[in-house]
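A structural walkthrough
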Amino acid sequence: MKFIVSSTYLLKQLQVLGGVINSSNTLPILDNFLFELDHTKLTVSASDLETTMSSTLDVESDSEGSVAIPARLLLDTLKTFPEQPLTFVVEDNNTVEISSNHGKYALAYASGEEFPKAVALEDPSKTVMLGDILANAISKTIFAAGNDDLRPVMSGVFFQFSTEGLTFVATDAHKLVKYTREDVNASQVAEFIMPKKPLNLLKGILAGSEDEVTIEYNDSNAKFTFENSELICRLIDGKYPNYEAVIPKENPNKLSIDRTQFLNSVRRVSIFSNKTTHQIRLKIAGAELNISAEDIDYSNKAEERLTCDYQGDDMQIGFNSRFLTEMLNNLSSTDVQLEMSMPNRAGILTPVDGLDEGEQITMLVMPVMLNS
């Protein structure tokens, strides 16, 4: 088995696949990349048993075969090469020899047969969408997903597909984000929960991509196919909580304000808030928003006044500044609207402008009790 490939082209593909590999694996074979050669097509795969990703590269070769090559060692070697052709030859003594312009490097390899096979999806449903739209949907929601191992359903992003549009939801019970696209739809109704790791990989690969992504899914797995790569992952098992029930419908108090100004103010004031509760107080009266925080243990306190556009009754409401900052950071609009009903009911944050046609974002943040 022998093939010739460009060093930078190979490195670029392997760095993407390297994101799949865990730093510590129970199965030693998972520390390797699987190279499968079929004449001029080389398919490289990486897996952590839950997620498997593979890319197909064009190489110069007239042989076939499969080997598993240590990932860390290969990546570290490739990073040091300037652009040049590399020749890979699989020798009889269980080593792969790489020849560059200036030297030779031998790596021990394992048999490709030992590498776990990717799952084949039986009877999948299918949806096609633009890579950039999917990447955007992931980055707008993934930050709100929880990290609680006891509630695994909340540690992923909920995909809800219908003929009317696609909805992506993430929540950790303190904050919730619902992102909807009405300009893309699926052929039939489906819902599944995607784990964070494969979503982060997809977000990194697909950002700004003009290519189409085909999503195939059944009850247990999902497969994303784009350009020359595919990613298959196991879905999170369980039923997603009824998120519509927690979004308050009647919110008479509406506050509109410049997003950057609001974000900077919350950031500054939160430095003075209590280090465990991160509590800040919003006091709204007329066209003035008063943001304050106090850390009684250290006698630190801060207060800022901003002008805003407000319709509703004067009110005071407390929020965790970390959640508020994260949400405002994730929006890209000029102005945002915060809708509230009562100091003990969730606030709803939505962008006023800057959305594409058919795109909707609703962010919900739970208030904290104010100690008056």
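Residues numbered from 1 in each chain as written. Predicted model: local features only at pLDDT ≥ 70, side-chain atom pairs only at ≥ 80, totals over all residues. Heavy atoms only, no water.

This structure, assessed with the given rule, holds 14 aromatic pairs. Each member of the aromatic cluster is reached from another via a ring pair, and the members are Phe 159, Phe 161, Phe 168, Tyr 179, Phe 192 and Tyr 217. (Phe/Tyr/Trp six-rings, centres within 6.5 Å; stacked < 30°, edge-to-face > 60°.)

Pairing within the open sheet is antiparallel, and its five strands lie in the order E21-E20-E19-E23-E27. Edge positions in the open sheet fall to strand E21 (300-307) and strand E27 (367-368), since each of these has one partner strand only. Note that strand E20 (residues 288-295) and E21 share eight bridges and pair antiparallel. Bridging across to E21, Glu 288 finds its partner in Thr 307. Those strands touched by helix H6 (residues 321-330) are strand E19 (279-285) and strand E23 (315-320), and its axis lies near 85° from that of E23. (Pairing = 2+ DSSP bridges. Helix = DSSP H or I, 4+ residues; strand = E, 2+ residues; numbered from the N terminus. Contact = heavy atoms within 4.5 Å. Axes fitted to C-alpha atoms, helices over the stretch in contact; angles between N-to-C directions.)

All right, on to helix H1 (residues 7-18) then. The terminal C-alpha atoms of H1 lie 16 Å apart, and with 12 residues this matches the ideal 16 Å at 1.5 Å per residue to within 8%. Of the positions making up H1, those classed as buried are Ser 7, Leu 10, Leu 11, Gln 13, Leu 14 and Leu 17. Summarising the contacts, the buried residues of H1 are in contact with strand E1 (2-6), strand E2 (32-38), strand E3 (41-47), strand E4 (51-58), helix H2 (71-79) and strand E6 (85-90). (Expected span 1.5 Å × (residues − 1). Buried < 20%, exposed > 50% of the residue type's maximum accessible area, 1.4 Å probe, protein only.)

The UniProt record annotates "domain: DNA polymerase III beta sliding clamp central" (unreviewed entry) at residues 132-242. As annotated, residues 132-242 comprises 19% helix and 39% strand, and the C-alpha atoms at either end are separated by 28 Å. (UniProt positions renumbered as here; feature names shortened; annotations may be inferred.)

The subject of this paragraph is the domain arrangement of the protein chain. Domain boundaries in the protein chain define domain 1 (2-114), domain 2 (127-163 + 195-242) and domain 3 (247-365). Here the C-alpha centroids of domain 1 and domain 3 sit 50 Å apart. (Domains from an automatic or database assignment.)

Note that Pro 116 resides in the loop between strand E9 (110-111) and strand E10 (125-130). Residues Pro 116 and Val 44, 72 residues apart in the sequence, show an inter-C-alpha distance of 13 Å.

The next thing to look at is the packing of H1 against H2. Running from N to C, H1 and H2 cross one another at 135°; their axes reach a closest spacing of 10 Å. As the angle between them shows, H1 and H2 are arranged oblique. Seen along the crossing, H1 lies across H2 with a hand that is left-handed. Where H1 approaches H2, its residues Ser 7, Leu 10, Leu 11, Leu 14 and Gln 15 are matched on the opposing element by Leu 74, Leu 75, Leu 78 and Lys 79. A breakdown of the residues in the contact of H1 with H2 according to their chemical character gives six nonpolar, two polar and one charged. (Parallel < 35°, antiparallel > 145°, perpendicular 65-115°, else oblique. Left-handed = near helix turned anticlockwise from the far one by under 90°. Nonpolar A, V, L, I, M, F, W, Y, C, P; charged D, E, K, R; others polar.)

Moving on, we get to unusual backbone geometry. At Glu 227, a position not held by glycine, the phi torsion is positive, near 40°. Mapped onto the secondary structure, Glu 227 falls in the loop between strand E16 (221-226) and strand E17 (229-234). The phi torsion at Ser 299 lies on the positive side, around 55°, for a residue other than glycine. Relative to the assigned elements, Ser 299 resides in the loop between E20 and E21. Looking at Ser 299, the relative accessible area reads 66%, which means it is exposed.

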